[in-house]
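Secondary and tertiary structure notes
Here's the letter readout for the chains.
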Amino acid sequence: MQFQVFDELQRELASRYPGFPADAVSVERCPEGMKGDLTVNCFRFARFAKLPPDRMAAEVATWLKSRPEVAAVEVIKAFVNVTLTPEAVYRDTVADLDRLLAAGLLPESERRRILIEFSAPNTNKPQHLGHVRNNTLGMALASLLKRVGNEVIEINLVNDRGIHICKSMLAYSRFGHGETPESAGIKGDHLVGDYYVKFNTELSRELAELRAARPELAAKSDEELFLETGLGAAAQQMLRDWEAGDPEVRALWRKMNDWVFAGFAETYRRLGVAFDHTYLESETYLLGKDVIQSGLARGVFRKRDDGAVVADLGKLGEKVVLRSDGTSVYITQDIGTTLRKVEDYHPQELIWVVGDEQNLHFQMLFAIMKKLGYDWADRLFHLSYGMVNLPSGKMKSREGTVVDADDLFDRMAQLATAACVERAGADADPEELKRRGEVIGLGALKFMLLKFNPRTTMLFDPEASIRFEGDTGPYVQYACARISSMERRAAAAGSGCPAEQVAWHRLTHEAEKALAIETGFYGPVLQLAAGRHDVSPLVEYLLNLAKAFNRFYRECPVLSAADPELVNARLALCSAVRRVLADGLATLTIGVPDAM
C-alpha cells in the first residue's frame, strides 16, 4: 500500500486476529463533503476479526489516533475518515517517486506468462473502426499486463482463406484487368477491399435478375440463393480449387494476400501495434481433428445418429465439433489452434480479444477445453467488447460503408493539427505541428476507445474526442505538456533543486495535498485494472489526476510562487505528476507531445 500508516494498520490487525488476510485493509479517497483525506471501510474486513463493523471501526480509529502521521480521525458508522499530516502525504507519494511508480508491480509470485490474441483481420478488406477498437484494446491490455510485471506474448491470427477471400479474388480476376496497388496509387488492402465490394455489388445484381426470372425464388434469402448465381457458384469453385492446391488460384491468392499484408503493416505501424507472432488460418484451419478423434475415443465427445461428433456442454447446449461428413467446423480449428499456441509458448493464461457476438462461441470453447482435461483450461479469458459506431450510423463491409482505419487516423491527425495551429499561431513550424497532431490525434482516438468498459457498445465522435477540455486524451496530454513547458522555463531561469533538498513541508495548500494523495493511488489502480483485464479504470484515474493538477495549477502559482524554496517544492510536485501521467499514458500506448 502506498501510505505507510495503513500498511502498519494491516500488520497490527493481522497480529491481533489469527487468519486476518494479508490484503484485507484498503483505503479510498474520502468522499466529498466529509472531513479527511482517506477512508477505511471496516465493513470489508470486520468479519475476519469476528467483530461488528462499528466495533471494528472504533478499534481502527483508536489505533490510528496514536500514530504521529495522523492529524485527525473521524468515525461515521463503519467508515474511518483519516487526515494525514502533510509530511506523511508527501513522504509516501511524490517524495519517493521510484517507490510510487514501482507500487504497480505485482509480487513475483503473482506474475504470469500470458498470451493475448487480438486484431484477427480478414485479408479481403482493409481494417476498419471495429478493428481499431480491437487493436487498441489488445495492445493496451498487453501493455498494462507487462507494466505490472507479467511476461506477455502478443499474437495475431489472420483469416486469410475461405469463401470471403475468394470473393475478392474472383472479382479481381474478372474485373481487375491487371491493376496493382502501385498502378492504382492506393494501399494494397484498400485495393483488395474495393474488389470485395465489387463482388457484392455484382452479386446483388445477379440476385435481382435471378428473382425476376424465377418468381418462385423471391422468398428465399441471399444466402440460400448464393450458389444459384454465376458469381456465387464460381466463388465456391474457386474455394474448392484453392483447397485442392490449384497452382493458378494459389498464385493469385498469394499475390493479393501480399498486397493486403503490406497494407496492414502500415496500419499497424501507425497505430503502434506489434506482434510476437502471426498465425495464418491457411496454416491452422485443419488443426483440431485429431484432438476430436482422441476425445471421441475417450468418451469426451459422442457421435450422433447422423454421424456428427458433438460435445454435450450442459446449460450451454450441444455443440457439433465434426460434421457428419468428417469436415471441421470453426470451433474445431479453434481447439487445434489453442493447443498449437500452448505448445509454442507455454502460457499460464490465454486471452482472446474478440467482439461480444462471439460470447457463446468462447463459452463453448472453454467448456470443451475443460472437458478435454487440460490443466490450464480454467485460465482462459475472453475479453468481450461491444460494437463501436459513429454518429453517422453502423458500418457494413460488403456495402463499402465501413469507417476505414487509415481514413480515421488521417481525420484524427488533421483535427489535432488544426487545433495545434490555432494555439501555436502562424509562425510555428508546420512539420512540427504535423508531428504533434499525429501524436495527439492518435492518442485521442485510443483514449476514447479505452475510456469505457470494453463490454459497452459505444458511439465514437471524432470531433468530441479531440477537444483539449473535458474527459479526453488531449486533456491529459495537455497537463503533461503544460508541466514540461513549466520545467523548461524553470531550467532556463535556474530554478529547481535535487530531490533530497525539496522542502516538502512548504506545500500546505489543500490543492497541493489533494494532488499528492491522488498520485498515491496510481499503483493500486494499475493492479486493479490488470486484475480485471480492463484498462478503463486507468483511463479514469488519469483523468482524475489531470483534473487534480489543473485545480492545483489554478490555485497555486508555481514559477511565480512567493520564494525559491516554494517554487522548487511546487516544481517537484508537478514533475512527479508529469511522470505518473506520462507513465500511465505510455501504459495505454499513448504518446505525449512536448508541447500542444
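If you're wondering where the values come from, they're calculated on a predicted model, not measured in any experiment.

1. As for empty space enclosed by the protein
Summed over all chains, the structure comprises one cavity of 30 Å³ or more. Empty space within the largest cavity amounts to approximately 30 Å³. Taken together, the residues of the lining of the largest cavity break down into four nonpolar, one polar and one charged.

2. Structural notes on the pairing of strand 12 (residues 380-385)
Here is the key point about a regular strand: its side chains alternate between the two faces of the sheet. Counting buried residues along strand 12, five of its six residues qualify, which places the element largely inside the surrounding structure. Judged from the six bridges that link them, strand 11 (residues 349-355) and strand 12 form a sheet pairing that is parallel. Residue pairing in the sheet places Val-353 in a bridge with Leu-383 of strand 12. For the handedness criterion, the β-α-β arrangement of strand 11, helix 16 (residues 359-371) and strand 12 is classed as right-handed.

3. What about the sheet that holds strand 11?
Here we have five strands laid out as an open sheet, ordered 7-6-5-11-12, and parallel in their pairing. Looking at the sheet topology across the chains shown, the edges are occupied by strand 7 (277-280) and strand 12. Each strand axis lies, on average, 25° off the axis of its neighbour in the sheet, ignoring direction.

4. A closer look at the sheet that holds strand 1 (residues 27-29)
The strands making up a sheet associate through backbone hydrogen bonding, with each pair oriented either parallel or antiparallel. Taken together, four strands build an open sheet; the order of strands is 1-2-4-3 and the sheet is antiparallel. Edge positions in the sheet fall to strand 1 and strand 3 (70-76), since each has one partner strand and no second. Each strand axis lies, on average, 30° off the axis of its neighbour in the sheet, ignoring direction. Pairing between strand 1 and strand 2 (residues 38-41): three bridges, direction antiparallel. The residue of strand 2 that forms the bridge with Arg-29 is Leu-38.

5. Notes on the pattern of salt bridges
Taken as a whole and assessed by the stated rule, the structure comprises 40 salt bridges. Across the pair Arg-44 and Glu-28 runs a salt bridge whose closest N-O atoms are separated by 2.6 Å. Note that Arg-44 is positioned in the loop between strand 2 and helix 2 (46-49) and Glu-28 in strand 1, a separation of 16 residues in sequence. Using a relative accessible area of 29% as the deciding quantity, one classes Glu-28 as partly exposed. Close ionic contact of Arg-302 with Asp-312 constitutes a salt bridge, the shortest N to O distance being 2.9 Å. Highlighted residues: Arg-302 in strand 8 (residues 302-303) and Asp-312 in strand 9 (residues 309-312), separated in sequence by ten residues. Of the residues examined, Arg-302 reaches a relative accessible area of 35% and is grouped as partly exposed. Residues participating in the shared-partner salt-bridge network are Glu-8, Arg-67, Glu-69, Arg-91 and Asp-92.

What counts, and at which threshold
- As a convention, each chain's residues are numbered from 1 in the sequence order in which they are written.
- Local features in this predicted model are restricted to residues whose pLDDT is 70 or higher, and side-chain atom pairs enter the listing and the counts only when it is 80 or higher, whereas totals over whole chains, interfaces and linings include all residues.
- Hydrogen atoms and water are omitted, and side-chain values are computed over all heavy atoms in the structure.
- In this analysis the probe radius is 1.4 Å and the grid spacing 1 Å, with only protein atoms considered; a cavity is a set of points the probe fits into but cannot get out of, a pocket is an open set with protein on both sides within 12 Å along at least five of seven lines, and lining residues have an atom within 4 Å of a point.
- Grid points are joined across faces, edges and corners, and a volume is the space filled by probe spheres set on the points.
- Gly is put with the polar residues, along with every residue not named as nonpolar or charged; the nonpolar set is Ala, Val, Leu, Ile, Met, Phe, Trp, Tyr, Cys and Pro, and the charged set is Asp, Glu, Lys and Arg.
- Exposure classes here rest on a 1.4 Å probe applied to the protein chains alone. A residue is buried below 20% of its type maximum, exposed above 50%, and partly exposed in between.
- Runs of E in the DSSP output that reach at least two residues are strands. Runs of H or I that reach at least four are helices, and both are numbered from the N terminus.
- Strands qualify as paired when DSSP identifies two bridges or more between them.
- With the strands aimed away from the viewer, a crossover counts as right-handed if its path from the first strand over the helix to the second runs clockwise.
- What counts as an axis is a line fitted to C-alpha atoms, over the stretch in contact for a helix, and the angles between N-to-C directions run from 0 to 180 degrees.
- Should a side-chain nitrogen of Lys or Arg be within 4 Å of a carboxyl oxygen of Asp or Glu, the pair is scored as a salt bridge.

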